[in-house]
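# Per-entry structural report
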Amino acid sequence: MGATDMAELVERVRAGIGTKTLVLVGLMGAGKTSVGRKLAQILQLPFADSDHEIESVSRMTVPELFEAYGEVEFRALEQRVVTRLIADGPAVIGTGGGAFMNADTRAAIRANGISIWLKADLDTLMDRVARRQNRPLLKNSDPRAVMRKLMEDRYPVYGEADVTIVSRDARHGTIAAEIIEAVDARLAQNITKVT
Ligand code: S3P
């Protein structure tokens, strides 16, 4: 796509989303934060990452929160933070992998956002999460089996997202451009999925 076409597309998408947020969902390692940042940069919108926001309000890291209060408390905090971020559009938000699994959070996203599932295969996810030790759910003797189970459990729900983009080893800008085109197509349909 030429620079002029891209600039037109960006303008159209920015106008089309109004005050909505673009919400990236998907498993750990799918690239929600890195692609989200790039997407926000191209669209010239603010970017927020729900895990970072949770860490900043709680002054604890995600592993510390899991350790001190458990997953249930973490999920409650996550829901409050994501709901607040969504209300603050237009923006791009990267969410923690579990956020979209919460029915209330999904409803808030449906009302005020456009959800984008970054879908990746198991090898890609495992390659990416192996680089950091910051995922409490994977602190386990068989993280690959955990990830496989999460794919089974979560993919049907992530599949409810408005847009699905395959995340793979491509440049962040390439994936971000695909998202912008898919959101544009979605806006042209003028339908938000009702489930
Ligand atoms: C989680 C994903 C993590 C983080 C927490 C739980 C999950 O975020 O919120 O460790 O349930 O999938 P990322 O998807 O950004 O790694």
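A brief structural summary. Owing to the predicted nature of the structure, the values given are computational and were not obtained by experimental measurement.

Turning to the overall build of the protein chain, a few remarks are in order. Of regular secondary structure, the protein chain possesses eight helices and five strands. The helix and strand sequence of the protein chain, counted from the amino end, reads α-β-α-β-α-α-β-α-β-α-α-β-α. A compact globule built from 195 residues should have a C-alpha radius of gyration of about 16 Å, and the protein chain, at 16 Å, falls within 12% of that. By its C-alpha atoms, the protein chain is 50 × 30 × 30 Å across when sized along the principal axes. Within the span of the protein chain, comprising 195 residues, buried residues form 44% of the whole. Restricting to contacts in the protein chain with at least 6 residues of sequence separation, those with at least 24 account for 74%. Surface summary for the protein chain: the accessible area is close to 9800 Å², and the carbon and sulfur share equals 49%. Here the protein chain holds 26 positive side-chain charges and 26 negative ones, and the gap between their average locations is 0 Å.

In contact at an axis separation of 9 Å, helix α3 (residues 50–58) and helix α4 (residues 62–86) are set at 110° when each is read in the N-to-C sense. One finds that α3 runs roughly perpendicular with respect to α4. Read as a crossing pair, α3 and α4 show a hand that is right-handed. Residue-level inspection shows Ser 50, Asp 51, Glu 53, Ile 54, Glu 55, Val 57 and Ser 58 of α3 in contact with α4, the latter providing Val 62, Leu 65, Phe 74, Leu 77, Glu 78, Val 81, Val 82, Arg 84 and Leu 85. Here the residues of the contact of α3 with α4 are counted per class, giving nine nonpolar, two polar and five charged.

This part is about the sheet that holds strand β3 (residues 91–94). Sheet architecture is open: five strands sit in the order β2-β3-β1-β4-β5, paired in parallel fashion. The sheet is open, and its two borders are formed by β2 (47–49) and β5 (163–166), each paired with just one other strand. Along the sheet, successive strands turn relative to each other by an average axial angle of 25°, direction set aside. Here α4 sits on the sheet and contacts β1 (21–25), β2 and β3; the angle it forms with β1, its principal contact strand, is near 145°.

With that settled, the discussion passes to the side chain of Ser 115. Tracing the backbone shows Ser 115 in strand β4 (residues 113–119). Among the polar contacts listed, one links the side chain of Ser 115 to the backbone nitrogen of Asp 162, at a separation of 3.0 Å.

So, on to the site of the ligand. By nearness alone, 14 residues border the ligand, and Lys 32, Asp 51, Arg 75, Arg 135 and Arg 154 come closest of all. A distance of 2.6 Å is found between an oxygen atom of the ligand and a side-chain nitrogen or oxygen belonging to Arg 75. Contact with the protein chains hides 95% of the accessible area of the ligand, taken as 390 Å² for the molecule alone. Ranked by residue count, the leading element in the shell around the ligand is α4, at four residues. Residues belonging to the shell around the ligand are distributed by class as follows: five nonpolar, three polar and six charged.

Before going further, it helps to examine the packing of aromatic side chains. In total, this model carries four aromatic pairs according to the counting rule given. Ring centres of Trp 117 and Tyr 158 lie 5.8 Å apart, and the angle between their planes is 45°; this geometry places the pair in the tilted category. You can see Trp 117 sitting in strand β4 and its partner Tyr 158 sitting in helix α7 (residues 143–158), a full 41 residues away along the chain. Neither Trp 117 nor Tyr 158 differs from the other in exposure class; each is buried. Aromatic side chains Tyr 155 and Tyr 158 sit 6.0 Å apart centroid to centroid with 50° between the ring planes, which places their arrangement in the tilted category. Within this pair, Tyr 155 and its partner Tyr 158 are both found in helix α7, separated by three residues, close to a single helical turn. Taken as a pair, Tyr 155 and Tyr 158 share a single burial class, namely buried. An aromatic cluster is defined as three or more aromatic residues linked by ring pairs; in this entry it consists of Trp 117, Tyr 155 and Tyr 158. Directly above the aromatic system of Phe 100 lies the positively charged group of Arg 106, at a separation of 6.0 Å from the ring centroid.

Rules and cut-offs
- Residues numbered from 1 in each chain as written.
- Predicted model: local features only at pLDDT ≥ 70, side-chain atom pairs only at ≥ 80, totals over all residues.
- Heavy atoms only, no water.
- Helix = DSSP H or I, 4+ residues; strand = E, 2+ residues; numbered from the N terminus.
- Rg over C-alpha atoms; globule rule 2.2 N^0.38 Å.
- Buried < 20%, exposed > 50% of the residue type's maximum accessible area, 1.4 Å probe, protein only.
- Contact = heavy atoms within 4.5 Å.
- Areas by Shrake-Rupley, 256 points an atom, 1.4 Å probe, with all protein chains shown as cover.
- Lys, Arg positive; Asp, Glu negative; His and termini not counted.
- Charge placed at Lys NZ, Arg CZ, Asp CG, Glu CD.
- Axes fitted to C-alpha atoms, helices over the stretch in contact; angles between N-to-C directions.
- Parallel < 35°, antiparallel > 145°, perpendicular 65-115°, else oblique.
- Left-handed = near helix turned anticlockwise from the far one by under 90°.
- Nonpolar A, V, L, I, M, F, W, Y, C, P; charged D, E, K, R; others polar.
- Pairing = 2+ DSSP bridges.
- Polar contact = N/O pair within 3.5 Å; in protein donor to acceptor, adjacent residues only side chain to side chain.
- Near = heavy atom within 4 Å.
- Phe/Tyr/Trp six-rings, centres within 6.5 Å; stacked < 30°, edge-to-face > 60°.
- Lys NZ or Arg CZ within 6 Å of the ring centre and 35° of its normal.

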